[in-house]
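Below, each chain spelled out in residue letters.
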Amino acid sequence: SSGINAEYGQDVLAMWNRTVGTSGVIQEVKCSASKAEFTGCEPARCGRYVLDRLVSSEEAETLISMAEKGMKFGGSSGGATILDLNSGALSVGNKFADIRMLARNAGIEQLFTYEEVKLFRSIKSRIQIEIEKKWKLTAGKLKLTKPVFFSRLTDKRPSTPNDEYWHTHTDTEQYERFHYTALVYLNTYSADFEGGRFIFDSPGTNHTVHPRAGRVSVFTSGRENPHHVERVTRGTRYAITVPFTCDADYAIPEPVI
């Protein structure tokens, strides 16, 4: 069973103007491949999972303020600004610069407060526990990996290939050791921006997730889940990407910018 809630319509997994309920929405898909390389961490069935109970709208607002705290030091000249919480890379014009250096030049040694770092770590742990439960993984096998990043999307014309986020792709093509990808949406489709819906490009019928403040969308990162984000046509769309790996060699410490 796909787990799509029929009241949302055939092609929409989660609507912007209603919650998905405490159990969330899950859609199972056949895994593209499995090497049984990471026992206790790879799923028996792949899929997509949408939840509205892990992150509050107030926490989402705090995350937006964190994103803006860093992005005020730069910003893409095109429509997609990225702030990488592990490397410190920030979109500045048509390039990337080190946010730590930019902040130090402005007399700021620590960009985020203790409470802000604590909030991110809490949300990361909530997501990790949910993935372990939903896919029946062995606790402790799943690790945070890179890149962990804030994204801010607007209707500006693209100025570099990084600004063209609307092309279909799979995460493992870009990041080989992604096993599970989590997206936390920080504001709401229709209310805060137009376009910007997340679309799983499925054979026959595409399946859409409407961003909603605090909504978490998790999916297995392989070829079974090709996807794209619609081009934003109005307003500003904020999200944070939190990826996980089963390969301990690709684990990263929790970011503390």
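Everything below is about the structure shown above.
Caption draft 1: View of the overall build of the chain. When you go through the chain residue by residue, the secondary structure sums to 4 helices and 17 strands. Overall, the chain is about 55 × 40 × 35 Å in size when its C-alpha atoms are taken along their principal axes. Burial statistics for the chain: of 257 residues in total, 52% are counted as buried. Sequence-distant contacts, at least 24 apart, represent 77% of the contacts inside the chain between residues at least 6 apart.

Caption draft 2: The arrangement of the sheet that holds strand 13 (residues 207-209) in detail. Read across the open sheet, the 4 strands follow the order 1-13-12-15; overall the sheet is mixed. The sheet is open, and its two borders are formed by strand 1 (12-14) and strand 15 (227-229), each paired with just one other strand. Averaged over all pairs of adjacent strands, the angle between strand axes in this sheet comes to 25°, irrespective of strand direction. Judged from the 3 bridges that link them, strand 12 (residues 198-200) and strand 13 form a sheet pairing that is antiparallel. Opposite I199, over in strand 13, you have T208 as the bridge partner.

Caption draft 3: Region of the structure containing the nonpolar core. Among the nonpolar cores identified, the biggest contains 45 residues, and L85, F112, I127, I131, F150, L186 and F244 are the most heavily contacted of them. Apart from the residues within four sequence positions on either side, I127 is in contact with L54, A182, V184, V216, V218 and F244.

Caption draft 4: Quick peek at the pattern of salt bridges. Going through the model one piece at a time under the given rule, you end up with 12 salt bridges. Close ionic contact of R104 with E109 constitutes a salt bridge, the shortest N to O distance being 3.9 Å. We classify E109 as exposed; its relative accessible area is 63%. Across the pair R197 and E230 runs a salt bridge, and its minimum N-O distance is 2.8 Å. Linking R197 in the loop between strand 11 (193-194) and strand 12 with E230 in the loop between strand 15 and strand 16 (234-235), this pair joins segments that are 33 residues apart in sequence. Residues joined in a network through salt bridges with shared partners are R121, K124 and E254.

Caption draft 5: Expanded view of the side chain of T181. Locating T181 in the fold gives a position in strand 10 (residues 180-185). On the basis of relative accessible area, T181 is assigned to the buried category, the value being 1%. Engagement of the side chain of T181 in a polar contact is seen with the side chain of S221, the distance being 2.8 Å. If sequence neighbours within four positions are ignored, T181 has contacts with D171, S217, V218, F219, S221, T241 and V242.

Caption draft 6: How the structure looks around helix 1 (residues 57-71). Across its 15 residues, helix 1 extends 21 Å between first and last C-alpha, which sits within 8% of the 21 Å expected from 1.5 Å per residue. Among all positions in helix 1, only E59, A60, L63, I64, M66, A67, G70 and M71 are buried. The buried residues of helix 1 all sit within an arc of 160° when viewed along its axis, so they share a single face. Helix 1 presents E58 and E61 as exposed residues on the side facing more than 90 degrees away from its buried surface.

Caption draft 7: Examining the state of the cysteines more closely. Evaluated as defined, the whole model comprises 2 disulfides. Linked covalently through their sulfurs, C31 and C46 form a disulfide whose S-S length is 2.1 Å. Of note, the bridge from C31 to C46 carries an S-S torsion of about 105° and is right-handed in sense. Here C31 is found in the loop between strand 2 (25-29) and strand 3 (46-51), whereas its partner C46 is found in strand 3, with 15 residues between them in sequence.

Caption draft 8: Just helix 3 (residues 114-134), in detail. With 21 residues, helix 3 extends 30 Å between its outermost C-alpha atoms, agreeing within 8% with the 30 Å of an ideal straight helix rising 1.5 Å per residue. On its buried side, helix 3 packs onto strand 3, helix 1, strand 8 (143-144), strand 10, strand 14 (216-220) and strand 17 (237-245). One or two residues past the end of helix 3 sits K136, with phi positive at roughly 55°.

What counts, and at which threshold
Residues numbered from 1 in each chain as written. Predicted model: local features only at pLDDT ≥ 70, side-chain atom pairs only at ≥ 80, totals over all residues. Heavy atoms only, no water. Helix = DSSP H or I, 4+ residues; strand = E, 2+ residues; numbered from the N terminus. Buried < 20%, exposed > 50% of the residue type's maximum accessible area, 1.4 Å probe, protein only. Contact = heavy atoms within 4.5 Å. Pairing = 2+ DSSP bridges. Axes fitted to C-alpha atoms, helices over the stretch in contact; angles between N-to-C directions. Core = buried A, V, L, I, M, F, W, Y, C linked by side-chain atoms within 4.5 Å. Salt bridge = Lys/Arg side-chain N within 4 Å of Asp/Glu carboxyl O. Polar contact = N/O pair within 3.5 Å; in protein donor to acceptor, adjacent residues only side chain to side chain. Expected span 1.5 Å × (residues − 1). Arc of directions from axis to C-beta. Disulfide = S-S within 2.5 Å.

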